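Chain by chain, the residues:
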Amino acid sequence: MEPDRQVEIQLGHMCNNRCVFCVSGQRTSMGEALPLAVEPLVARIREAYAGGHRKITLLGGEPTLQPGFFTVVRECVSLGFEEIVLFTNGVKAARPGFIDEVRATGGRFTWRISLQGGTKESHERTTRKPGSFDRVLRTLEALRDRGERITVNMCVVASNFESVDRFPELLVRFGVRQLHLDMMRPADAGVRTGAELREMMPPYSEMVGPLTRMVAGFPDGFDVNIGNLPYCVAPELARWIHHDGQYTDTIAIGQKDELSRPWNKYFVKRRDKLKPPSCRECVFEPQCNGVFEAYERFHGTAELVPVGHGRLARIDPERRFVALRARPLVAALEGWTAHERGDAEIHLTREDEPDLAVALRRSDAAGAVGLFDGFGVHVLSAPADRDRALAALRDLGEQLAASGARVIHPLGDDALGLGARSIEVRLRRLRSAAPFGDLVWRGVTSRDGGRLLEMDLVGPAGERAVVWLGEEGRRATGGYRVEGDAPTPALVEGLRAVMAAVRA
């Protein structure tokens, strides 16, 4: 499991690459990047651990060049960090002996390899370091052979973006677990002229083709992250686009190689970005940070076309974007607090029942106790008072329905489970088979200590039927009754579907 709190610390600016987008290579070439004293680094690392951080990333420049690198690594291990991420360009690590020396410290490492292109030409055009690509490949091979955890990062610039569709064939054979691409941030590029920055930053729309081919080339389940690409430029890739991330404290190096106090990484990374007013109309607006101010100066914002719900439905036929679809419904809830967990999940907590928490997830996710058109409701935790919890869940279902969510199967007395197994089994079949023609499943009522369950079904003309499931001894019982006048065709058809599901 990913540690809850993480910190990253920059071990100076010294670097043996000269990447076109990076301040560290520039400062190194100008003689401004020097070795750092190890004592202040160790002191900050100890402070971070004492403050509750359990994941640490060591980065640069190139952290492996620092004379105190192994002292820092051993300190991280001895303190007990659960994960130590080594963010390296892989040049020094091409020596297997170096990797073995790191492993001998006994830590749990993730090697985050800076690979600046899917081909030798694009990588070395970006790093301006002949031979660096082959050294990275040797590093990847050595790490794979030792069973180390490997991820890869690339900063997307004009010199490498066209090569990203070559990453699948390159990375999978080395057992890489994740690829993270990030749009270049001008503020991290060092001292550059406007012309130099513009040359590095092509229009985002030109990247869509290579990025689309890249994503399609990876096997299902491969972890791809595309950082800071505006969603509206490539909404079909929205599943793989991310702005911000897990809260991270950053300890960086200042102009005179002094260590900063920890600062919120993603808050700072947003400071030089903007959104045009039209972004307010986009379904992705809450999770998108817009574009860099420098990008807007070079390319404008005409390519930023808001994504409405109609367009979202076309690009998301599998209905993966639960948070985007359910957001208007959730905003209307009273007595519930919402927390979005990415695009695919929303957590809700009851304000007067702090122990009650539910999640809204994709409709096809197993375990939903209530199902609406586009998402299911899953109970994460519940208070000991079952009756109060059930009342709160029924309230949630009623509010969602009142806000316009179409009910497939409601939140009823079965939401926290029942005592009779035969009823539970048949009820799961019914949940999986719903809806039943034109009938609306309105309610679920438990009686006789959970040994009798009644389902309320209503037809388009208001006609009503009650399906009951019971258990007598070890014998499953059940049936239905029609309320009011003779059954309508809709009621007959729906009840046939119900009985077929029960007997399945």
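Anything mentioned here points back to the structure above.
Since the model is a prediction, treat every value here as computed from it, not as a measurement.

Asks: Even after reading the chapter, I still don't get the packing of aromatic side chains, so can you show me in this structure?
Replies: The geometry of two aromatic rings is summed up by the distance between their centres and the angle between their planes. One pass over the structure, following the stated rule, counts 10 aromatic pairs. For the pair Phe69 and Phe70, a centre-to-centre distance of 5.2 Å together with 75° between the ring planes defines the contact as edge-to-face. Judged by relative accessible area, which is 2%, Phe69 ranks as buried. Using a relative accessible area of 15% as the deciding quantity, one classes Phe70 as buried. A ring pair is formed by Tyr204 and Tyr295, whose centres lie 4.0 Å apart and whose planes are at 5°; its orientation type is stacked. Note that Tyr204 is positioned in the loop between α8 (194-200) and α9 (208-217) and Tyr295 in helix α11 (residues 293-299), a separation of 91 residues in sequence. In this structure, Tyr204 and Tyr295 share a single accessibility class: buried. One aromatic cluster is present, formed by Phe69, Phe70 and Phe98 through successive ring pairs. A cation over an aromatic ring shows up here: Lys273 above the ring of Phe292, its NZ or CZ 4.9 Å from the ring centre. Here the basic side chain of Arg297 rests over the ring of Phe298, its NZ or CZ set 5.8 Å away from the ring centre.

Asks: I tried to follow the pairing of strand β5 (residues 149-156) on my own but got confused; where do I start?
Replies: The side chains of a regular strand alternate, first on one face of the sheet and then on the other. In terms of burial, β5 is a largely internal element, 7 of the 8 residues being buried. Where strand β4 (residues 109-114) lies against β5, 5 bridges are found, and the strand directions are parallel. Directly across from Thr110, in β5, lies its bridge partner Arg149. Bridge analysis of β5 against strand β6 (residues 178-183) gives 6 bridges, and the strand direction is parallel. By the bridge assignment for β6, Met154 is matched with Leu181.

Reading guide: rules and limits
Residues numbered from 1 in each chain as written. Predicted model: local features only at pLDDT ≥ 70, side-chain atom pairs only at ≥ 80, totals over all residues. Heavy atoms only, no water. Phe/Tyr/Trp six-rings, centres within 6.5 Å; stacked < 30°, edge-to-face > 60°. Buried < 20%, exposed > 50% of the residue type's maximum accessible area, 1.4 Å probe, protein only. Helix = DSSP H or I, 4+ residues; strand = E, 2+ residues; numbered from the N terminus. Lys NZ or Arg CZ within 6 Å of the ring centre and 35° of its normal. Pairing = 2+ DSSP bridges.

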